[in-house]
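Residue-level structural notes
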Amino acid sequence: MGISFEEVSYCYRDRGMTPILGLDGFHLKLEEGRMIAVLGAPGSGKSTFLQHLNGLIRADEGVIRILDYRLDSAEKGKIPASLRQRVGLVFQYPELQLFEETVEKDLLFGPLNFGRSKDEAAEAVRRAASFVGLDEELLAQSPFKLSSGQMRKAAVAAVLAADPEILALDEPTASLDPASREDLMQRLHGLTRGQGKTVLIVTHRLEEVAAYADEFVVIKDGRVIFHGTARELVHRQEVLEHAGLMAPSSMRMAGKLAAQLGVQPAEMPADAAALADWYAGQLEL
Amino acid sequence: MKRKIILGRYMEGDSWIHRLDPRAKTAAMPLFMVAVFLVDGYAGVLALLLFTAVVIRATGIPYRYYFRAMKPLMFLLLFILAFHILYDAGGGKLLDVGAFKVYAGGLEKGIVSASRMALFIMLAAVMTFTTQPEQLAQGLGSLLRPLTYIGVPTDRLVLMLGIALRFIPTIFEEAERLWKAQQSRGLDLSSQPLKEKARLIIALLVPVTTGAFRRAIGLADSMEARGFRLGAPRSRYRVHVWKRADTLFIALFLLPVAAAALL
Ligand SMILES: Nc1ncnc2c1ncn2[C@@H]1O[C@H](COP(=O)(O)OP(=O)(O)OP(=O)(O)O)[C@@H](O)[C@H]1O
Ligand SMILES: [Mg+2]
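Because the structure is predicted, anything quoted here is derived from the model rather than measured. Per chain, residue numbering runs from 1 following the sequence as it is written. Starting at A for chains and at 1 for ligands, labels are handed out in the order in which the entities are written. Per-residue local features are limited, in this predicted model, to residues with pLDDT of at least 70; the limit for side-chain atom pairs, both in listing and counting, is 80 or more; totals at the level of whole chains, interfaces and linings are taken over all residues. Side-chain calculation: all heavy atoms of the structure are included, whereas hydrogens and water are not.

On to the overall build of chain B, then. Check the secondary structure of chain B and you find 11 helices and 2 strands. Numbered from the N terminus, helices here are DSSP runs of H or I no shorter than four residues, and strands are runs of E no shorter than two. Its helices and strands in sequence order give chain B the pattern α-α-α-α-α-β-β-α-α-α-α-α-α, from N to C terminus. Counting only C-alpha atoms, chain B reaches 70 × 60 × 35 Å along its principal axes. The 263 residues of chain B split such that 37% are buried. Any two residues having at least one pair of non-hydrogen atoms within 4.5 Å are treated as being in contact. Taking all contacts inside chain B whose residues are at least 6 apart in sequence as the whole, residues at least 24 apart take part in 75%. Relative accessibility under 20% of the residue-type maximum defines a buried residue, over 50% an exposed one, and the middle range a partly exposed one, all with a 1.4 Å probe and only protein chains included.

Structure follows, in structure tokens:
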């Protein structure tokens, strides 16, 4: 169970003749019911990784195990429809994900494909829309008339409506305002705690996931170069540098405070709010 | 959607054919067409096939890409062949089974006609594989330039052609990403009966077209926002310099013309 990638490699071949490396010996094991943040510089292979999760991209080499499915590179058999239902994927660009005439039809697309009745599907859509905070009035609109933040919410809702067990989101908070961003993070985190779902989030903003993510995965050039908790990452800021990422200010501050107070960075929280509380506690001592 | 249509795509490369002036390549095309239409026997076809094989070799792109380019049109080629074999009488009788008769003349005509088509596709593939669409349009534009003097709006034509060429891959990409988005949310064509399959594929065409239009409008806006005006003077990104290789390339295409005329 869970998710496991064993030495998975994949090359993009369709542009011209020179293959472009997507994943290169990608090795990762994840448990269910957790929130996992996926970080990496642009072009490092984050989106490529996510698209392997529900078989949209099939590995050239290696074995992928996910839930109780085994996606083998050797026999490129059919992807069972149930995998697509159980692993939901929110694409990086919502405008590339939506296609129906109205937002409502788009949200219904998944549930109906997975064999829900009309009523069940409509109910799932209503719940998903309210979960992401999408105005019900917008359901009758064309998805392409929405603002980019609304479109983003619609894209997330469209995937949530199918009630997947594993939810993989490619930069879901890009183009969202800070309030909706925080809200979405909180709700996604709630899914892992309340319903035992697994949530993978690709993001460029370490600080926004620092408070929520249980685990961090850092990718560079199609390989996993770090997998651990936020506290371990605070510890190893050179990993972020090596991956071409910038440590958020809270982490840099944690590092400085740790040096000044002479404590182990591993004892310190990584997100800014928790760090402030921790520091206040230290001052009172 | 694994097997993509590749005719009309540009393949990156660094062969001398890639580096030729696009004007030379567009000028060679009509020459080759003349040769293709002059050809009327096995010997000529063979000569042209040989010539094309050499040109393809020089592009550095494997032969199988050219076969793939031809694949969607295979049916048409077979149809042309069969048509001539079945309906053209002439020359000695080769085969006679009941109502089914094959004549040497019919066979030759069939093979020549199908090869003409195949040759043409292969050379078109050489052009598009080795030349970026904008360059191809620009090359054509330079060749057509003299027509401006008699009032033909070549600028507009070239822009239209350039945009059309630019959008062929976009439309394929559009179809592909929609396909991905729908599959990701559970669309499964293979489990559907044939009729439903056809309906779903046709249903795909609507968002593909609207998507392509939306992108075209976005593109036009972004071009305008960056100061592009139709007909306004504009400096070229790549100024082409006619080199000796370009002259040689065109001269090279006199070979098939001569071969076709003589053989
Ligand atoms: N459809 C495609 N065709 C060809 N190459 C691709 C395609 N998609 C991605 N690539 C290449 O694969 C590599 C990994 O890309 P990927 O999209 O996974 O990066 P990413 O980490 O998601 O980047 P970003 O943060 O910019 O979204 C890049 O070098 C990219 O150029
Ligand atoms: Mg990406």
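From this point, the narrative continues.
Let's shift gears to the packing of helix H2 (residues 22–38) of chain B against helix H11 (residues 254–262) of chain B. Residue and element names in this part refer to chain B. The convention used is that axes are lines fitted to C-alpha atoms, helices contributing only their stretch in contact, and that angles between N-to-C directions extend from 0 to 180 degrees. Contact geometry of H2 with H11 gives a least axis separation of 8 Å together with a crossing angle of 15°. The angle between H2 and H11 places the two elements in the roughly parallel class. Between H2 and H11 lies a crossing of left-handed hand. In contact with Leu31, Phe32, Val34, Ala35 and Leu38 of H2, H11 contributes Leu254, Pro256, Val257, Ala260 and Ala261. Throughout this description, any angle smaller than 35 degrees is read as roughly parallel, any larger than 145 degrees as roughly antiparallel, any in the 65 to 115 degree range as roughly perpendicular, and the remainder as oblique. If you view the pair so one helix is near and one far, a crossing is left-handed when the near helix is turned anticlockwise from the far one by less than a right angle, and right-handed when it is turned clockwise.

A separate point is a negative patch on the surface. Only residues whose relative accessible area exceeds 30% and that take part in no salt bridge are eligible for patches, with like-charged residues grouped when within 9 Å of each other and nonpolar side chains (Val, Leu, Ile, Met, Phe, Trp, Tyr) grouped when within 5 Å. In this description, accessible areas are obtained by the Shrake-Rupley approach with a 1.4 Å probe, and a residue is regarded as covered only by the protein chains that are shown. Salt bridges are identified by distance alone: a Lys or Arg side-chain nitrogen within 4 Å of an Asp or Glu carboxyl oxygen. Residues counted as positive are Lys and Arg, residues counted as negative are Asp and Glu, and His and the chain ends are not counted. In this description, the location of a charge corresponds to atom NZ of lysine, CZ of arginine, CG of aspartate or CD of glutamate. There is a patch of like negative charges on the surface, built from Glu104, Asp135, Glu136 and Glu137 of chain A. By the element assignment, Asp135 of chain A lies in the loop between helix H4 (118–132) and helix H5 (148–160).

Residues and elements named next belong to chain B. UniProt positions are given in the numbering used here, feature names are shortened, and annotations may be inferred rather than shown by experiment. When the UniProt feature table is mapped onto this chain numbering, "transmembrane region" (unreviewed entry) sits at residues 31–53, 73–90 and 245–262. Across residues 31–53 one finds 87% helix and 0% strand; the C-alpha atoms that close the span lie 17 Å apart. Secondary structure within residues 73–90 divides into 78% helix and 0% strand; the distance between the first and last C-alpha atoms comes to 27 Å.

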